[in-house]
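Residue-level listing of the chains:
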Amino acid sequence: MTLSQQRQWLRFGHLIASALLGMFIYSPLREDPLLIATIQFLVFPALALSGVWMWQQARLSRFQRARSS
């Protein structure tokens with residue numbers, strides 16, 4: 001997988017996670033315990049990790065190349 005393909009998948013996942021977070025904030029389902037747990041333990045960490053990964057993608061790829069050499 002090339003870096004541009006990886007970035008496209010990360011961007012897509014980031015947009016989906018942010019849409020789920022927005023749905024949670026503005027939805028009347030905010031009181032559902034299962035939805036609260038899903039947002040807290042799956043969606044928000046995925047959103048944070050994908051954002052940091054896209055932000056630091058160049059640094060991470062350099063680190064990975066240096067480590068494999």
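The coordinates are above.
Residues numbered from 1 in each chain as written. Predicted model: local features only at pLDDT ≥ 70, side-chain atom pairs only at ≥ 80, totals over all residues. Heavy atoms only, no water.

A. View of a nonpolar patch on the surface. A grouping of Met1, Trp9, Phe12, Ile16, Leu20 and Met23 is seen on the molecular surface, where their side chains present a nonpolar patch of about 690 Å² in accessible area. Position of Met1 among the secondary structure elements: in the segment before α1 (3–26). Classification of Met1 by relative accessible area gives exposed; the value is 73%. (Patch = residues over 30% accessible without salt bridge, like charges linked within 9 Å, V, L, I, M, F, W, Y side chains within 5 Å. Areas by Shrake-Rupley, 256 points an atom, 1.4 Å probe, with all protein chains shown as cover. Salt bridge = Lys/Arg side-chain N within 4 Å of Asp/Glu carboxyl O. Helix = DSSP H or I, 4+ residues; strand = E, 2+ residues; numbered from the N terminus. Buried < 20%, exposed > 50% of the residue type's maximum accessible area, 1.4 Å probe, protein only.)

B. Examining the nonpolar core more closely. Counting seven residues, the largest nonpolar core is built from Ala17, Leu21, Phe24, Leu35, Ile39, Val43 and Leu47. Mapped onto this core, the elements with two or more residues apiece are α1 and α2 (33–55). With near-sequence residues (within four places) excluded, Leu47 lies in contact with His14, Ala17, Ser18 and Leu21. (Core = buried A, V, L, I, M, F, W, Y, C linked by side-chain atoms within 4.5 Å. Contact = heavy atoms within 4.5 Å.)

This is a description of form; function is not addressed.
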